[in-house]
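Now for the letters of each chain:
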Number of protein chains: 2
Amino acid sequence: MKFHYPNGKKYTDSKSSAKKPKIKQVSYSNRGMTLEEDINETNEYYLVHKSAVIHKKPTPVQIVDVHYPARSAAVIKEAYFKQPSTTDYNGVYKGRYIDFEAKETKNKTSFPLQNFHEHQITHMDSVHEQDGITFVLLRFSLSEEVFFLPFQPLKVYWDRMKDGGRKSIRKEEIEESGFRIPLGLHPRVDYLKIVHQLYF
Amino acid sequence: MKFHYPNGKKYTDSKSSAKKPKIKQVSYSNRGMTLEEDINETNEYYLVHKSAVIHKKPTPVQIVDVHYPARSAAVIKEAYFKQPSTTDYNGVYKGRYIDFEAKETKNKTSFPLQNFHEHQITHMDSVHEQDGITFVLLRFSLSEEVFFLPFQPLKVYWDRMKDGGRKSIRKEEIEESGFRIPLGLHPRVDYLKIVHQLYF
């Protein structure tokens, strides 16, 4: 069985898609995809093109009760979502460790910091200390704009909030301290290009 | 809430454990811990001592049905285990990407290769190509011996099996191409020491 990690969808490479041709929209608009879907497709692209190996971590679940019916697969009958204590995505690019979180907002002029949890910031801080490459991808879903914000400025805005300041990052601040990622088709959200420019 | 990622157990740091002292067995034997428990404790040790940031990935689960009872947490009522397509552990050490799998056997003289899946070998191969540090930790549970086996020799034994050869690795082969990790107390399975010697 060919099994694809990030979203459980079967991976289709260029050869097999050639067998069943379909008309591709040559539009760079997002067509209702979520940021997560865009990133998963981007990571698949990186994997196939051997540019990087980056995966989304599975959703952490606390399993309480499992049934084992005869002659079929184990069924989880009771489980709960656990709060993740790390970011969602990690992997390797040219030997270096890559670690990031992706979030979107329907706001137009600012990005709410409540999208992040304290433990995720703590985790990114540890990664940063360990010389890993860590950042967030922020999407303004109404305007379909995606920004790459390194951990360091994020930490500044986070600390400002903890010191009693505003609970969000102004869009102009993101534009200044982050990097706009133009939406593409292949890959959709080419964040690695910015990683390469910034850290290599 | 203080939340600890790898096994869902509450993390106890040295300060809080000082408040409720308990007698520690000064024995280097494994006291019935699984390799996974040993590695989780080792990773906690590395995290607290800022030597590395390495976590176990959550078990991948395909969620089919979720109930949302009033005034309580969402309950997953039907879900299935998915086959992981990567290894269980990854993280960062001095900027470098670390990726490994841990397995144990009750065999005495050889380690069965059926403990690994094709897609895990493929994943480790991609990580290796991307200049990541990838290996397996193998435990002979009866003798409590743990070995560090880099991906390259593992791949040799894997390919030998695929070419019709033996379906396991002889213990002598592991001793020759791998590295024995002495069991300690803090940390229990100090695999980072070998990572450092081999790759830095």
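Residues numbered from 1 in each chain as written. Chains lettered and ligands numbered in written order. Predicted model: local features only at pLDDT ≥ 70, side-chain atom pairs only at ≥ 80, totals over all residues. Heavy atoms only, no water.

## Some thoughts on the overall build of chain A
Within chain A, the regular secondary structure consists of 6 helices and 10 strands. The contacts in chain A between residues at least 6 apart in sequence include a share of 66% that link residues at least 24 apart. (Helix = DSSP H or I, 4+ residues; strand = E, 2+ residues; numbered from the N terminus. Contact = heavy atoms within 4.5 Å.)

## A word on the pairing of strand 5 (residues 96-105) of chain B
Remember that side chains alternate between the two faces of the sheet whenever the strand is regular. Along strand 5 of chain B, 9 of the 10 residues are buried, which leaves the element largely enclosed by surrounding structure. Where strand 4 (residues 89-93) of chain B folds back onto strand 5 of chain B in an antiparallel hairpin, the turn is made up of 2 residues, including Lys94 of chain B, whose phi is positive at roughly 50°. (Buried < 20%, exposed > 50% of the residue type's maximum accessible area, 1.4 Å probe, protein only. Pairing = 2+ DSSP bridges.)

## Notes on the interface of chain B and chain A
Each partner contributes residues to the interface: chain B has 43 residues there, and chain A has 43 residues. Between chain B and chain A, a total of about 3,600 Å² is buried, with carbon and sulfur atoms accounting for 63% of that surface. A salt bridge links Lys50 of chain B to Glu129 of chain A, with the shortest nitrogen-to-oxygen separation between them at 3.4 Å. Where chain B touches chain A, the interface holds 15 residue pairs in polar contact (both at pLDDT 80 or more). Going through the elements one at a time, strand 1 (53-56), strand 2 (61-67), strand 3 (75-81), strand 4, strand 5 and helix 3 (118-129) of chain B are the ones with two or more residues in the side of chain B that touches chain A. The leading source of residues in the side of chain B that touches chain A is strand 3 of chain B, at 7 residues. Of the residues belonging to the side of chain B that touches chain A, the class tally is 20 nonpolar, 14 polar and 9 charged. Strand direction decides the pairing type here: strand 3 (residues 75-81) of chain A and strand 3 of chain B, joined by 4 bridges, are antiparallel. Bridge pairing links Ile76 of chain A to Ala79 of chain B in strand 3 of chain B. (Buried area = accessible area lost by both parts, 1.4 Å probe. Salt bridge = Lys/Arg side-chain N within 4 Å of Asp/Glu carboxyl O. Polar contact = N/O pair within 3.5 Å; in protein donor to acceptor, adjacent residues only side chain to side chain. Nonpolar A, V, L, I, M, F, W, Y, C, P; charged D, E, K, R; others polar.)

## Description of the UniProt feature "site: Transition state stabilizer" (unreviewed entry) in chain A
Residues and elements named next belong to chain A. Per the UniProt record, the feature "site: Transition state stabilizer" (unreviewed entry) sits at Lys103. On the secondary structure map, Lys103 appears in strand 5 (residues 96-105). Those residues within four positions of Lys103 in sequence are excluded, and the remaining contacts are Leu35, Phe111, Asn115, Phe116, Leu137, Leu138 and Arg139. (UniProt positions renumbered as here; feature names shortened; annotations may be inferred.)

## Focus: the nonpolar core
In this structure, Phe100, Phe135, Leu137, Tyr191 and Val195 of chain A are the most contacted members of the largest nonpolar core, which totals 22 residues. Listed by contribution, the elements that provide at least two residues to this core are helix 2 (35-48), strand 4 (89-93), strand 5, strand 7 (133-140), strand 8 (145-150) and helix 6 (191-199) of chain A. Sorting elements by how many residues they give to this core places helix 6 of chain A first, with 4 residues. When neighbours within four sequence positions are excluded, Phe100 of chain A is seen to be in contact with Ile39, Ile54, Thr87, Asp88, Tyr89, Phe135, Leu137 and Tyr191 of chain A. Grouped together as the second largest cluster of nonpolar side chains are 21 residues, Tyr46, Ala102, Phe148 and Val189 of chain B included. (Core = buried A, V, L, I, M, F, W, Y, C linked by side-chain atoms within 4.5 Å.)

## Some points on the packing of helix 3 of chain B against helix 4 (residues 151-162) of chain B
All names here are of chain B. The N-to-C vectors of helix 3 and helix 4 enclose an angle of 140°; their axes lie 11 Å apart at closest approach. As judged from the angle between their axes, helix 3 and helix 4 are oblique. Helix 3 and helix 4 meet at a crossing whose hand is left-handed. Together, Glu118, Ile121, Met124, Asp125 and His128 of helix 3 and Phe151, Gln152, Leu154, Lys155, Trp158 and Lys162 of helix 4 make up the contact between the two elements. For the contact of helix 3 with helix 4, a count of residues per class yields 5 nonpolar, 2 polar and 4 charged. (Axes fitted to C-alpha atoms, helices over the stretch in contact; angles between N-to-C directions. Parallel < 35°, antiparallel > 145°, perpendicular 65-115°, else oblique. Left-handed = near helix turned anticlockwise from the far one by under 90°.)

## Focus on the relation of the copies chain B and chain A
For the pair chain B and chain A, the superposition axis carries a translation of 0.0 Å, the fit reaches an RMSD of 0.0 Å, and the rotation angle comes to 180°. Here the two chains are linked by the operation of a two-fold rotation axis. Interface residue correspondence from chain B to chain A reaches 100%, placing this contact among same-surface, isologous pairings. (Least-squares fit on C-alpha atoms with pLDDT ≥ 70 in both.)

## Quick look at the side chain of Lys103 of chain A
The class for Lys103 of chain A is buried, based on a relative accessible area of 18%. Within the structure, Lys103 of chain A has its side chain in polar contact with the backbone oxygen of Asn115 of chain A (distance 3.4 Å).

## Examining the sheet that holds strand 3 of chain B
Spatial strand order, 2(A)-3(A)-3(B)-2(B): 4 strands in an open sheet with antiparallel pairing. Each having just a single partner strand, strand 2 (61-67) of chain A together with strand 2 of chain B make up the two edges of the open sheet. Across the sheet, the axes of successive neighbouring strands diverge by a mean angle of 35°, strand direction being ignored.

## Thoughts on the pattern of salt bridges
Scanning the entire structure with this criterion turns up 27 salt bridges over all chains. We note a salt bridge from Asp88 of chain B to Lys56 of chain B, for which the minimum N-O separation is 3.8 Å. On the criterion of sequence distance, the pair formed by Asp88 of chain B in the loop between strand 3 and strand 4 and Lys56 of chain B in strand 1 is long-range, its members being 32 residues apart. Salt-bridge contacts for Lys171 of chain B lead to Glu145 of chain B; the nearest nitrogen and oxygen are separated by 2.4 Å. Within this pair, whereas Lys171 of chain B is found in helix 5 (residues 171-177), its partner Glu145 of chain B is found in strand 8 (residues 145-150), the two being separated by 26 residues in sequence. Take Lys171 of chain B and Glu145 of chain B: they sit in the same class, and that class is buried. A single network of salt bridges, built from pairs that share partners, joins Glu145, Lys171, Glu175 and Arg180 of chain A.

## Observations regarding helix 4 (residues 151-162) of chain A
Residues and elements named next belong to chain A. Taking 1.5 Å per residue as the helical rise, helix 4 with its 12 residues ought to reach 16 Å, and the 16 Å between its terminal C-alpha atoms agrees with that figure. Regarding helix 4, the residues found buried are Phe151, Pro153, Leu154, Tyr157, Trp158 and Met161. Considered in projection along helix 4, the buried side chains sweep an arc of 165° and stay on one side of the axis. Residues of helix 4 that are buried sit in contact with helix 3 (118-129), strand 7, strand 8, strand 9 (168-170) and helix 5 (171-177). Looking one or two residues past helix 4, Gly164 carries a phi angle of roughly 95°, positive in sign. (Expected span 1.5 Å × (residues − 1). Arc of directions from axis to C-beta.)

## As for the environment of Met124 of chain B
Residues and elements named next belong to chain B. In this fold, Met124 is placed in helix 3. Considered as a pair, Met124 and Thr86 are 38 residues apart in the sequence and their alpha carbons are 7.7 Å apart. Apart from the residues within four sequence positions on either side, Met124 is in contact with Thr87, Thr134, Phe135, Val136, Phe151 and Leu154.

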